[in-house]
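Residue-level structure breakdown
So you can see what is in the structure, the chains are spelled out below.
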Amino acid sequence: MNKITIIGSGSVGSTIAYTLTVQGIASEIVMIDINEEKAKGEALDIRQGVPFCTPCSIYAGSYEDAKDSDIVIITSGIARKPGQTRLDLAQTNVNIIKSITPNITKYAPDAIYLFVSNPVDILTYTFCKCSGIPESRILGSGTILDTARLRARLSEYYQINQQNVHAYVLGEHGDSSFVPWSVANISNIPANAYQKAMENTDGMLIPPLNYADVEDYMRKSGGNVIKRKGATFYAVSISVCHIVKCILSGIDTNMTVSTMLNGEYGISDVCLSLLTTVGHKGVVNKLNLPLTESEHAALVHSSECLKEIIKKVQI
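Residues numbered from 1 in each chain as written. Predicted model: local features only at pLDDT ≥ 70, side-chain atom pairs only at ≥ 80, totals over all residues. Heavy atoms only, no water.

1. A look at the packing of aromatic side chains
Centre distance and the angle of the planes are the two values used to describe a pair of aromatic rings. The line we're drawing: Aromatic pairs are defined between Phe, Tyr and Trp rings, using the six-membered ring for Trp, whenever the two ring centres lie within 6.5 Å; interplanar angles under 30 degrees are classed as stacked, those over 60 as edge-to-face, and all others as tilted. Secondary structure is summarised from DSSP: a helix means a run of H or I of at least four residues, a strand means a run of E of at least two, and numbering begins at the N terminus for each. The rule is simple: take the accessible area with a 1.4 Å probe, protein chains only, and divide by the maximum for that residue type; under 20% is buried, over 50% is exposed, in between is partly exposed. Lysine and arginine charges are scored as sitting over a ring when NZ or CZ, respectively, is within 6 Å of the ring centre and within 35 degrees of the ring normal.
The full count for this structure, using the stated rule, is six aromatic pairs. Geometrically, the ring pair formed by Phe115 and Phe127 is tilted, given 4.9 Å between the ring centres and 55 degrees between the ring planes. You can see Phe115 sitting in strand β5 (residues 112-115) and its partner Phe127 sitting in helix α4 (residues 120-130), a full 12 residues away along the chain. By the burial criterion, Phe115 is buried, and Phe127 matches it. Ring centres 5.2 Å apart and planes at 80 degrees place the aromatic pair Tyr157 and Tyr158 in the edge-to-face group. In this structure Tyr158 comes out as buried when scored by relative accessible area, which is 2%. Cluster of aromatic residues (ring-pair linked, three or more members): Tyr113, Phe115 and Phe127. Above the face of the Tyr217 ring, Arg153 is positioned so that its terminal group lies 4.6 Å from the ring centre. Here the guanidinium or amino end of Lys229 rests over the ring plane of Phe233, the centre of that ring lying 4.0 Å away.

Quick look at the structure:
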């Protein structure tokens, strides 16, 4: 039995619930929202399709119903509007998290908490400071979606299976994120050398890999989706369900999620994404990738950008 509570039944929360159900990841899903009717409607809509999926009990409930949850996923908050940065949302969503925290931790003190709302690094940090839950059981979705976008772009670039692409986005889930290209590879071939390794391109015209263009694509992807359709929720939901599946499987998996730093790379008292081992108990380990000097500087810069925001919000 795997019980998951989702707080927030907007586009992201409801799509996560739908994806968890279709993938057969959870046996029980509780949906909680300040708009109770919305939560009931979303749960009912998904529940009526369950006969064609792995059996799952999905329903709308209250904080009390979160009792014995293995994982609590928090998607509550005001969504980012076109042209708005994730950090513009900070104070409003920090206040929402602060109001939710005592209610949910009262009933689910042993759960692993997974933050999805933006700005995800700031909200993860807020919960670490306010909840009393051990830091090992608190993580944010961080740059896992940015990493997926990066890998998707590189797979398109070289027309290769996305699962052959091993590259990461570190730092803030936002404008100061960066790609440590020194460790990026495709099937163990350095990303910038892959083109030369290809013997038969079948007439494909592949321009030299432009790091700046790829990073620009990755950073602007969310904004471009919001501009076109008003919100992003499919890719983030698939990413969150990947995290959940790895936690529940108990098989330790490395991924880029946001956690509290305590001296890694000389950085402390801020949440951002590093390559992190996630398992049944939450955060198992953090991996210190062999960054170059410039990549380490980019990570420090990202941490400083987030600390500036932390100074400006009331936590």
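2. Quick word on the environment of Ala108
Note the cut-off: Residue contacts are counted whenever heavy atoms from the two residues lie within 4.5 Å of one another.
Turning to its location among the elements, Ala108 is positioned in the loop between α3 (90-107) and β5. Along the primary structure Ala108 and Pro290 are separated by 182 residues, whereas in three dimensions their C-alpha atoms are 37 Å apart. Those residues in contact with Ala108, other than ones at most four positions away along the chain, are Ala66, Val72 and Tyr113.

3. Looking at α3
Residues spaced three or four apart along an α-helix point in a common direction, a consequence of the helix completing one turn every 3.6 residues. Heads up, the rule is: One fewer than the residue count of a helix, multiplied by 1.5 Å, yields its expected span.
The end-to-end C-alpha separation of α3 is 26 Å, in line with the 26 Å expected for 18 residues at 1.5 Å each. Looking at α3, one finds that the buried residues are Ala90, Asn93, Val94, Ile97, Ile100, Thr101, Ile104 and Thr105. Buried positions along α3 lie against β1 (3-7), β4 (71-74), β5, α4 and α9 (293-312).

4. Quick word on helix α8 (residues 234-249)
Here α8 contains 16 residues, and its C-alpha end-to-end distance of 22 Å stays within 8% of the 22 Å for a straight helix at 1.5 Å per residue. Three or more residues of α8 are buried, namely Val236, Ser237, Ser239, Val240, Cys241, Ile243, Val244, Cys246, Ile247 and Leu248. Looking at the residues trailing α8, positive phi occurs at Gly250, about 80 degrees.

5. Some details on the pairing of strand β10 (residues 253-262)
Selection rule: Strands pair, by our definition, only if DSSP identifies at least two bridges between them.
Of all 10 residues in β10, seven are buried, a share of seventy percent or more. Sheet topology places β10 next to strand β11 (residues 268-279); nine bridges connect them, and they run antiparallel. Paired with Asn254 across the strands is Thr277, a residue of β11. Hairpin connection, β10 to β11: the antiparallel pair is bridged by five residues, and Gly263 has positive phi, about 105 degrees.

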